[in-house]
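The chain contents come next:
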Amino acid sequence: MRRKTRTPAAPLPQRHGVDPVRVRLPAQGAWATVREHLVERLSGAGPGVIEAMFEAGRIVGADGRAVAYDAPYEPGMFVWFHRDLPAEVPVPFALEVVHRDEHLVVVDKPHFLATTPRGMHVAETALARLRRELGIPTLGAAHRLDRLTAGLVLFTVRPEERGAYQTLFRDRRVRKEYEAVAPYDPELALPRTVRSRIVKERGVPAAREVPGEPNAVTRVELAEHRADGLARYRLVPGTGQTHQLRVHMSALGVPILGDPLYPVVTGPVPPGDFRRPLQLLARELEFTDPVTGAARRFRSARTLEAWSGATGWAKQSPTDGTGSGSGTGTGQ
C-alpha cells in the first residue's frame, strides 16, 4: 500500500486572515524549472505575474526560503505564496457570535458575506474576518452558506477536530431549518415534501431541475401569510444540493424575494449595492456534537427585512437608490 505523503506545515503566516496558497508539483511532467510549471499552471494570473513573484522572492519552499528563479523542477515538491488580494468592497454588516467554546465558533452571518475565500471574495469573508477579529488563526469552516444567504454557520477551532464536524454535514446528521419570504399562493397545498434532481454545471450561474432519480429533498411549510401577498415559509432540507431551496421554491411558483437567479437570471448587482438581499435565512442548526457528545441547538436572532416591516421592500428596484441597508433587521 502506498503511504500517503504528509503535507508540510505552511511556512508563511496568514495575511489578513487568509492562508497562503499551497501548490504541489505533479509527479510527472516535462518542465525544466519550478517557474515553468507555475507559469503554465497559473496562466490565469496574467502575463509576467508569476515571473515577477519569483523575482521578488514571494514563492517559497517548505523551509520558508524563496525558490530561485531557475530552480530545477522537483516532482512532488510543495511551494507556497500569497496571491494578490482582489479589490473588495467591505461588507458593512457585523458577524454576530452566537456561541464560542474551545471546539466551536457559531456565527450569525449577514447577507452578502461569503463564508470562505473563493474567487473575488477573499479577505471579505466570514472565515478571514473571524480569524482577524477573534484572533484564532486555526479557525476553519465546517460547512458553507451561500454568500447571499444570511444565518448560522459553524466554524471549528482545532484543525484536528474539523473532519469530525465536516462529516456531520456530509452524512446529513445536522438538522437544518431555513426561513424564507416569498409570494403567497392560496392554491399551493402545503406542507409538502419536494423531491427532484438538481444539476449545477460549472460556469453556469443557475442550477436546474432535470429528469432522473431525485437527489434533492426539501420539506416546505407555510408559517404565516399577510394581506400584502407575502408569506413566510419554513424550509427543512433533507439534502444539500447547490441552491436547492431556491430552486425548489421557484419550481413551486413562489420564488424567494430578492433572488437574482430564480426564476430568471438578472444582471449582476454592482459591487457595494447591498439592497434587496435574498430573503433566505439559515434559522436553526441542531446536532449531536461528535467530539463532546453534547446535544447542540443554535438559533439565529435575525429577521428578514421583507417580513419585519420594511415598507415597499417588495416593490423596490435594486437601482432606484432607495435601499434600506443590510436586510437583516438587527440594526446593523
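Refer to the structure printed above.
What you see is a predicted model; the values in this text were computed from it and never measured.

What counts as what
Every chain's residues receive numbers from 1 upward, in the order its sequence appears when written. Reporting of local features is limited, given that this is a predicted model, to residues whose pLDDT is at least 70; pairs of side-chain atoms are given and counted only at 80 or more, and all residues count toward the totals for whole chains, interfaces and linings. The basis for the side-chain values is all heavy atoms of the structure; hydrogens and waters are excluded. We define a nonpolar core as any set of buried Ala, Val, Leu, Ile, Met, Phe, Trp, Tyr and Cys residues linked to one another through side-chain atoms lying within 4.5 Å. Relative accessibility thresholds used throughout: buried, under 20% of the residue-type maximum; exposed, over 50%; partly exposed, between the two (1.4 Å probe, protein chains only). Helical segments are the DSSP runs of H or I of at least four residues, strand segments are the runs of E of at least two, and each set is numbered from the N terminus. Any two rings among Phe, Tyr and Trp, with Trp reduced to its six-membered ring, count as a pair given centres within 6.5 Å; such a pair is stacked if its planes are under 30 degrees apart, edge-to-face if over 60, and tilted if neither. The criterion for a charge sitting over a ring is simple: Lys NZ or Arg CZ within 6 Å of the ring centre, and within 35 degrees of the ring normal.

All right, on to the nonpolar core then. Core analysis: the biggest nonpolar cluster contains 37 residues, and Val 105, Leu 139, Phe 155, Tyr 233, Leu 235, Met 249 and Leu 280 have the highest contact counts within it. Taken together, the elements giving at least two residues each to this core come down to strand 4 (104–109), helix 3 (126–134), strand 6 (150–156), strand 7 (175–183), strand 11 (230–237), helix 5 (244–251) and strand 12 (280–288). The element best represented in this core is helix 3, accounting for four residues. Leu 25, Val 34, Leu 38 and Phe 81 belong to the second largest nonpolar core, which has 14 residues in total.

Inspection of the secondary structure puts Tyr 178 in strand 7. Assessed through its relative accessible area of 12%, Tyr 178 is described here as buried. With 106 residues separating them in the primary sequence, Tyr 178 and Glu 284 have C-alpha atoms 6.8 Å apart.

Further remarks concern unusual backbone geometry. Comment: phi is negative for the bulk of residues other than glycine, and the bulk of peptide bonds are trans. With an omega dihedral of 5°, the bond running from Leu 190 to Pro 191 counts as a cis peptide bond. Positionally, Pro 191 belongs in the loop between strand 7 and strand 8 (192–199). Note the cis peptide between Tyr 262 and Pro 263, where omega equals 5°. Its location among the elements puts Pro 263 in the loop between helix 5 and strand 12. Despite not being glycine, Arg 172 shows a phi value in the positive range, around 60°. In this structure, His 243 is a non-glycine residue whose phi angle is positive, near 60°. Locating His 243 in the fold gives a position in the loop between strand 11 and helix 5.

As a further point, take the packing of aromatic side chains. Under the counting rule described, the total for this entry stands at six aromatic pairs. Relative to Tyr 73, the ring of Trp 31 has its centre 5.3 Å away and its plane inclined at 40°; by these criteria the two rings are tilted. On the criterion of sequence distance, the pair formed by Trp 31 in the loop between strand 1 (21–24) and helix 1 (34–41) and Tyr 73 in the loop between helix 2 (49–55) and strand 2 (78–81) is long-range, its members being 42 residues apart. Judged by its relative accessible area of 12%, Tyr 73 is buried. Centre to centre, the rings of Phe 112 and Phe 274 are 5.3 Å apart; their planes meet at 70°, and the pair counts as edge-to-face. You can see Phe 112 sitting in the loop between strand 4 and helix 3 and its partner Phe 274 sitting in the loop between helix 5 and strand 12, a full 162 residues away along the chain. Both residues of the pair, Phe 112 and Phe 274, count as buried. In textbook terms, an aromatic cluster arises when at least three aromatic residues are bridged by ring pairs, as seen for Phe 93, Phe 112 and Phe 274. Arg 226 extends its terminal NZ or CZ atom over the ring of Trp 307, reaching a point 4.1 Å from the ring centre.

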